[in-house]
Each structure stands twice: as structure tokens, then as C-alpha cells.
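# An overview of the molecular structure
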Amino acid sequence: RLIANKPRGRLIPRNGGDVLRAKINNKLLDFQWDKATGGGSMLQKWMMMDMNTRKYGASFGLSKWRYEKDKSNNVVFDGPDFKVLNNRDCAFDFSATSIESCNWFQVREYVTFHELEKVNDVNRSAPIYKNLKRLHEAISYDTKAGGDTRGINWRSRNRQISRIELDPIGKDPAFKSVEVITEYRKDRWITFSPRHGVILRDIPNPYNNYELPIIMLRYYAIDDDLYGLPEIDPIKPLQKGINALLSQYVDEINMALYTPVAVGPGVRQHTLEWGKGARWVMNNPMTDFRIVETKSNAAAYFNNTYSVLVAAMMNALGESSLGVANTQPYSKDKTATEVQALNMTRNARDNQNQLCLADAMERLLKLWHSMNQQLLFTDPEQPYYVLRIVGTEEIDNFKQY
């Protein structure tokens, strides 16, 4: 419901800012938004951020510059990038209640040695990781064929349910994975390999913005915790109640279809044959045979109880409110005032989440803009940056300034 179309961000000039420069930067940010497809499109990444926020209460993303060359020394990527982080691979300052108040934030990643040699997340030059030779020697002596595995830290519940391989990371002998932890501070970045005891870098903040390159999305804040209130908490007991109600209803229907039979001692056991037209030999049919009756009324009240639970779940999901989720919003038995009130209640909740989503995207674009100012516009080796503008309307929009 929140991401109904392709999200976009734009710069707005304030306090006498240059409108033309804002438009140029907007086109540049749009171009970089479309190019940042590592790990999926930006739309998919923000949808994943939204789902993680609903599950855990908060989601985190890493926004850094990515400069990568191929074997022929050709630049294949040069610009800001965004990566959705796994909540189980994040550690943060526990005294903080927001990203802005965090003194440090640690991110655990599983990268290949090839990435450490070819990718730079600091500037537009060759990678500056040190002690790579020492790390390569430690990896060579490692008995594991694929390098560091993720399964020693946590196991994927989704893979367990799907009954597929639990930990694919660390199983490729050609591209060995290395567990690398980077501690981001406002003034320093520290990267090290905990298993091999190698410090890869300890540098000042390369973007000179005194900011953590971390994006956090949170819908419902809690006063003393960085994580917010997850939306799955009010749903779990309702889902368990619906499952129990369905099980009770199915059990009662089975009891009605296959009713237990009480057989007395006067019935010969070898004559108990089930089937149409079966005959039993009994001494006293009135007392030796009877159908067991239950006093349960679960089937009679199932529809009412099920409707109430489903309406409560739809309310917890934000689909509707006031317990009318199982009816159409514009049905004939509703007045216009009631329909309008329900839609306003639902939209108020969605609008709050959209505002939080917009704030997170705003922080991302601000980081991208600061990185462009630091690494792109001030690069003495690149005096200009070609950006193609397509369309007569776009060209006329620039001509008026």
C-alpha cells in the first residue's frame, strides 16, 4: 500500500538557492537511482526495507560510494550505491535511540577476496585495503574449502522451512568468502576480519560529512530503544487464534462425519464390519450399541467467531478498522459518513508510515548528494560530467532558466 508507484526524490532550493543547480542535481540523482541496481532495483530494496520494518520494528541499509573496475581496468560502476542490511548482521550503540545519536554502528558482511581487490567504497581510485597479503595467506591455510560460513552466526529460518541448503555462503571453493566487520563512526571507519585477526583499514570518514552511512526505517518509535514496535506483534496472537478455531471446526466436522460408536460386551467382535448394509450380531441391540454424542457447538458459532477474528486481524494489518474488514467499503448497507470515516482512519495510519518512509529516503538522497559533492564534483581529474537529457519537455524546462 505504501509504495504504489516508483519512488523518487528531488532537491528543493531554499534560502536563495540556485534553481538550475537543483534541477541538474535532481537529474543526476535520478540517473544514479536507476543505476544502483546491485542486489536488485531501488524499488525492490525499499520494499524489502518496508517488510523488514514490519517484521523487526526497524530496518537498516548501507549507503556508500562504489567504484569498481573489471580485469581490463575499465570502470564498470562509479557512483553511490545502496544495500539492504540483514538485521542479524547489525550491531549498534545500545544507548542510542536514533541513527543520528549512534556513536558507532557495526555491519557484518561476507565478501570475496576478489571484491576486496577490485571494489572501493571510499573514493574514485584503486582500493586502499591494507594487509590483503596477510589475509590471503590466512585464507589459504584455512581448511574450509569455501572460506567463512554464515551458519556459525545464525541460520536462515526461511531456508529451513523451504528445506533447501541452509548456508550457501562459504561453499564456493573458487570464490572464498571472508567474514568482514566494519565499524562506522562519525569520524572513522574501521574494517577487520574477526576470524583471521587482520585489520584491513582504519581511516577517517572519507565523506567528511560527520555522518554514519546508515539508513534506518522505523514506523513506530519506542522511547528507549533504537528498534521500534514491529507490526507482526499484534498479528501473531490473532493468527494463532484463527488457526485454533479452524482446527476446532475441522475436528467437529470430522466427528460428525465419522461419529464414534459405543459397543457393549454383548456384541461379537468378529462381526464388527464397517460398510453399507453391514449387519452386527448383538444380544440386546438397545443397550449394546449407541452413537457417541458430543455437546460441542463450535460449528454453530464458527462463522461469527471467525468473522470477528479476521476483522481484528485486518485492523491489525491496517487494512480497515472498527471490525468491518469482511465487508466491502462501498456496500449498500453502509452510509457515506461511515465509509468516509473508515477510509480516513486507514489512510491516517498509512500516511504516517509514508512520512517515515519519505524521511528515510530523504536521508539517503542527502548522503548521496554529499558524496557527489565530495567525490564527483571536486575530482580534479574529471572537470565535467556528461548527463544526457532526453525529451522536448525536459529540455524546455531547462531552457527557461
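These remarks concern the structure in this document. For every chain, the first residue of the written sequence is number 1, and numbering continues from 1 along that sequence. Under the rules for a predicted model, residues below a pLDDT of 70 receive no local features and side-chain atom pairs below 80 are neither given nor counted, while totals for whole chains, interfaces and linings still include all residues. Values shown for side chains rest on all heavy atoms present in the structure; no hydrogens or waters enter the calculation.

## Some words on the overall build of the chain
Every helix listed is a DSSP run of H or I at least four residues long, and every strand listed is a run of E at least two residues long, numbered separately from the N terminus. The helix and strand inventory of the chain stands at ten helices and eleven strands. Relative to its 401 residues, the chain shows a buried fraction of 37%. Contacts were defined at the residue level, with two residues in contact if any of their heavy atoms lie within 4.5 Å. Considering only intrachain contacts with a sequence separation of at least 6, the fraction spanning at least 24 residues in the chain is 66%. Note on exposure labels: buried denotes an accessible area under 20% of the residue type's maximum, exposed denotes more than 50%, and partly exposed covers the range between, all computed with a 1.4 Å probe on protein chains only.

## Focus: the layout of surface pockets
By volume, the largest pocket amounts to about 1300 Å³. Residues are called lining when one of their atoms sits within 4 Å of a cavity or pocket point, these points coming from a 1 Å grid over the protein atoms alone, where a cavity is a set in which a 1.4 Å probe fits but cannot get out and a pocket is an open set with protein on both sides within 12 Å along at least five of seven lines. Surrounding the largest pocket, 44 residues form its lining, Lys83, Val84, Leu85, Asn86 and Glu109 being those nearest its centre. Counting residues per element, the ones that place at least two in the lining of the largest pocket are α2 (42-56), β1 (59-69), β2 (75-84), β4 (104-112), α3 (113-118), β5 (119-120), α5 (157-162) and β6 (177-185). Broken down by element, the residue count for the lining of the largest pocket peaks at seven residues, all from α2. In this count, Pro and Cys sit with the nonpolar residues alongside Ala, Val, Leu, Ile, Met, Phe, Trp and Tyr, while Asp, Glu, Lys and Arg are called charged and the others, Gly among them, polar. Residue composition of the lining of the largest pocket, grouped by class: 17 nonpolar, twelve polar and 15 charged. Grid points are joined across faces, edges and corners, and a volume is the space filled by probe spheres set on the points.

## A look at the packing of aromatic side chains
Here is the rule: rings of Phe, Tyr and Trp (six-membered ring for Trp) pair when centre to centre is within 6.5 Å. Planes less than 30 degrees apart are stacked, more than 60 are edge-to-face, and the remainder are tilted. The tally for this structure, following the rule as stated, stands at 13 aromatic pairs. An angle of 35° between the planes, with centres 6.3 Å apart, marks the rings of Phe60 and Phe92 as tilted. Of this pair, Phe60 sits in strand β1 while Phe92 is found in strand β3 (residues 90-92), placing the two residues 32 residues apart along the sequence. Judged on exposure class, the residue Phe60 and its partner Phe92 are both buried. Between Phe302 and Tyr306, the ring centres sit 5.4 Å apart and the planes meet at 20°, which makes this aromatic pair stacked. Taken as a pair, Phe302 and Tyr306 lie in helix α8 (residues 302-317) at a separation of four residues, close to a single helical turn. Since its relative accessible area comes to 11%, Phe302 is described here as buried. The structure contains a cluster of three or more aromatic residues connected by ring pairs, namely Phe60, Phe92, Phe94, Phe105 and Tyr227.

## Re a nonpolar patch on the surface
A cluster of nonpolar residues, Ile253, Leu257 and Tyr258, forms a patch on the protein surface that exposes about 350 Å² of accessible area. Examined against the element boundaries, Leu257 turns out to sit in helix α6 (residues 236-257). Taking relative accessible area as the criterion, Leu257 reaches 61% and is therefore assigned exposed. Only residues whose relative accessible area exceeds 30% and that form no salt bridge enter a patch; like-charged residues are grouped when within 9 Å of one another, and nonpolar side chains (Val, Leu, Ile, Met, Phe, Trp, Tyr) when within 5 Å. Only the protein chains shown count as covering a residue, and every accessible area follows the Shrake-Rupley method with a 1.4 Å probe. Any carboxyl oxygen of Asp or Glu that lies within 4 Å of a side-chain nitrogen of Lys or Arg is treated as forming a salt bridge with it.

## Focus on unusual backbone geometry
Positive phi outside glycine occurs at Asn131, with the angle close to 60°. Inspection of the secondary structure assignment puts Asn131 in the loop between β5 and α4 (132-140). Even without glycine at this site, Tyr210 takes up a positive phi of about 50°. The exposure class of Tyr210 is exposed, given its relative accessible area of 55%.

## With respect to the environment of Ile203
Locating Ile203 in the fold gives a position in strand β8 (residues 198-204). Judged by its relative accessible area of 15%, Ile203 falls in the buried class. Along the backbone, Ile203 and Thr191 are twelve residues apart, and their C-alpha atoms lie at a distance of 9.0 Å. Among all residues touching Ile203, those that are not within four sequence positions of it are Val122, Ile128, Asp187, Arg188 and Trp189.

## Comments concerning the pattern of salt bridges
Under the defined criterion, the tally for this structure stands at 14 salt bridges. The partner of Arg201 in a salt bridge is Asp121, and the shortest N-O contact between them spans 2.8 Å. Linking Arg201 in strand β8 with Asp121 in the loop between β5 and α4, this pair joins segments that are 80 residues apart in sequence. Assigned by exposure class, Arg201 and Asp121 land together as buried. Of the charged contacts, one joins Arg188 and Asp202 as a salt bridge, the two residues approaching to 3.0 Å between their closest N and O atoms. Within this pair, whereas Arg188 is found in strand β7 (residues 188-193), its partner Asp202 is found in strand β8, the two being separated by 14 residues in sequence. A relative accessible area of 38% places Asp202 in the partly exposed class. Via salt bridges that share partners, Asp50, Arg54 and Glu231 belong to a single interconnected network.

## Some details on the nonpolar core
Grouped together as the largest cluster of nonpolar side chains are 46 residues, with contacts concentrated most on Trp46, Phe60, Phe105, Ile214 and Trp368. Among the elements that take part in this core, helix α9 (residues 336-376) stands out by supplying ten residues, more than any other. Sequence-distant contacts of Phe105, that is, excluding residues within four places in its chain, are made with Phe60, Leu85, Cys90, Ala91, Phe92, Ile99, Thr182, Glu183, Tyr184, Leu212 and Ile214. Core analysis: the next-biggest nonpolar cluster, separate from the first, contains eleven residues, Phe113, Leu116, Tyr129 and Val178 among them. We call a set of buried residues a nonpolar core when its members are Ala, Val, Leu, Ile, Met, Phe, Trp, Tyr or Cys and they connect through side-chain atoms within 4.5 Å of each other.

## Describing helix α1 (residues 19-35)
What a helix should span is 1.5 Å times the count of its residues minus one. The end-to-end C-alpha distance of α1 is 24 Å, a good match for the 24 Å that 17 residues give at a rise of 1.5 Å each. What α1 keeps buried is the set Ala22, Asn25, Asn26, Leu28, Leu29, Gln32 and Trp33.

## Some words on the sheet that holds β3
Any two strands with at least two DSSP-identified bridges between them are counted as paired. The strand order β3-β4-β6-β7-β8 describes an open sheet built from five strands, whose pairing is antiparallel. This sheet does not close on itself; its edge strands, each paired only once, are β3 and β8. Taking the axes of each pair of neighbouring strands and ignoring which way they run, one obtains an average angle of 20° across the sheet. Summarising the sheet, β6 and β7 pair through four bridges and their orientation is antiparallel. Pairing of Thr182 across the sheet is with Thr191, part of β7. Axis definition: a line fitted to C-alpha atoms, limited for helices to the stretch in contact. Angles are taken between N-to-C directions and run from 0 to 180 degrees.

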